[in-house]
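Topology and contacts: notes
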Amino acid sequence: MKTKTSILLCFLTLFIVILLDQGSKALIVKLCSPYEIYKSFFGDLLNITLVYNTGAAFSFGYNFTGALRFITLLALPLAGIIGLGIFSLLSKEITNMQRLFIFGIIGGGLGNLLDRFFRSEGVVDFIDVKFFGIFGMERWPTFNIADMAVIIFGVLLLISFIFIERKNKKIANEENNTDTI
């Protein structure tokens with residue numbers, strides 16, 4: 001059941017994600033020179049390195065131009081984000097917690113879309129993590145707070161769907177067992 005408080009919490013989560021994302025990006029742009037390691041932590045396990053991504057995830061579409069770029073990197077993602085938000089607010093099938101996770105994902109998506117709309121250089125990425133040669137990659141592609149929000153809230157949403165499905169199966173099994181007695 002949706003309440004005003006749960007919806008307010010969803011929008012608060014969205015705004016906090018955007019604020020953390022855009023605030024961290026502004027700080028990094030101010031402090032760092034592009035494509036140089038600003039700080040390293042735990043040896044070279046974690047580097048703070050300012051890079052600009054002119055594409056989407058893993059630089060997909062970095063070389064798109066004109067209408068194709070606008071449609072694939074701006075219009076479609078924005079339409080998807082709006083659609084996801086409307087669905088989550090109108091759906092009676094999802095829980096308040098799932099709605100909160102969806103708004104965390106939306107906050108991350110909007111954080112990167114803001115960069116695509118307002119930063120001619122591209123999306124600001126700055127978290128660079130060693131990947132120890134897994135999948136042939138010495139380092140994971142550089143990312144930001146918005147990317148983290150999308151992944152973390154996405155995983156939490158997936159886990160919540162798994163737990164709810166298990167709970168529903170358990171309830172159905174218990175109902176079937178009581179019906180046969």
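All of the points below concern the structure found in this document. Predicted model only: the values in this text are computed from it and were never measured. (Residues numbered from 1 in each chain as written. Predicted model: local features only at pLDDT ≥ 70, side-chain atom pairs only at ≥ 80, totals over all residues. Heavy atoms only, no water.)

**What about the side chain of Asp 125?**
Here Asp 125 shows up in strand S3 (residues 123-129). Of the side chains bearing the opposite charge, Lys 25 lies closest to the buried Asp 125, which forms no salt bridge; the N-O distance is 6.1 Å. Among the polar contacts made by the side chain of Asp 125, one reaches the side chain of Asn 144 at a distance of 2.7 Å. (Helix = DSSP H or I, 4+ residues; strand = E, 2+ residues; numbered from the N terminus. Buried < 20%, exposed > 50% of the residue type's maximum accessible area, 1.4 Å probe, protein only. Lys, Arg positive; Asp, Glu negative; His and termini not counted. Salt bridge = Lys/Arg side-chain N within 4 Å of Asp/Glu carboxyl O. Polar contact = N/O pair within 3.5 Å; in protein donor to acceptor, adjacent residues only side chain to side chain.)

**So, the packing of helix H1 (residues 4-31) against helix H3 (residues 96-118)**
Packing of H1 against H3 leaves a shortest axis separation of 8 Å and a crossing angle of 30°. Between H1 and H3, the interaxial angle falls into the category roughly parallel. Crossing angle aside, the handedness with which H1 passes H3 is right-handed. Here the contact of H1 with H3 is built from residues that sort into 11 nonpolar, nine polar and four charged. (Axes fitted to C-alpha atoms, helices over the stretch in contact; angles between N-to-C directions. Parallel < 35°, antiparallel > 145°, perpendicular 65-115°, else oblique. Left-handed = near helix turned anticlockwise from the far one by under 90°. Nonpolar A, V, L, I, M, F, W, Y, C, P; charged D, E, K, R; others polar.)

**Quick notes on the pairing of strand S2 (residues 46-53)**
Most of S2 is tucked away, with seven of its eight residues classed as buried. Pairing geometry for strand S1 (residues 37-41) and S2, over four bridges, is antiparallel. Bridging across to S2, Phe 41 finds its partner in Leu 46. The antiparallel hairpin formed by S1 and S2 contains four residues in its connecting segment, where Phe 42 sits at a positive phi of about 55°. Summarising the sheet, S2 and S3 pair through six bridges and their orientation is antiparallel. (Pairing = 2+ DSSP bridges.)

**Quick notes on the nonpolar core**
One finds Leu 14, Phe 101, Ile 102, Ile 106, Phe 153 and Leu 157 to be the most contacted residues of the largest nonpolar core, which totals 17 residues. Discounting residues that sit within four places of it in the chain, Phe 101 has contacts with Phe 153, Leu 156, Leu 157 and Ser 160. In terms of nonpolar packing, the next biggest core, distinct from the first, is built from nine residues, Cys 32, Ile 48, Val 124 and Phe 126 among them. (Core = buried A, V, L, I, M, F, W, Y, C linked by side-chain atoms within 4.5 Å. Contact = heavy atoms within 4.5 Å.)

**Observations concerning H1**
Between its first and last C-alpha, H1 extends 40 Å over 28 residues, near the 40 Å set by a 1.5 Å rise per residue. Of all the positions in H1, only Ser 6, Cys 10, Thr 13, Leu 14, Val 17, Ile 18, Asp 21, Ser 24, Lys 25 and Ile 28 are classed as buried. (Expected span 1.5 Å × (residues − 1).)

**Section: the pattern of salt bridges**
Tallied over the full model, the rule gives six salt bridges. Here Asp 21 makes a salt bridge to Lys 25, at a shortest N to O gap of 2.9 Å. With Asp 21 and Lys 25 both in helix H1 and four residues apart, this pair spans about one turn of that helix. Each member of the pair, Asp 21 together with Lys 25, is buried. Across the salt bridge formed by Lys 130 and Asp 44, the nearest N and O atoms sit 3.4 Å from each other. Here Asp 44 lies in the loop between S1 and S2 and Lys 130 lies in the loop between S3 and helix H4 (145-179), a separation of 86 residues in the sequence. On the basis of relative accessibility, which here comes to 37%, the residue Asp 44 falls in the partly exposed class.

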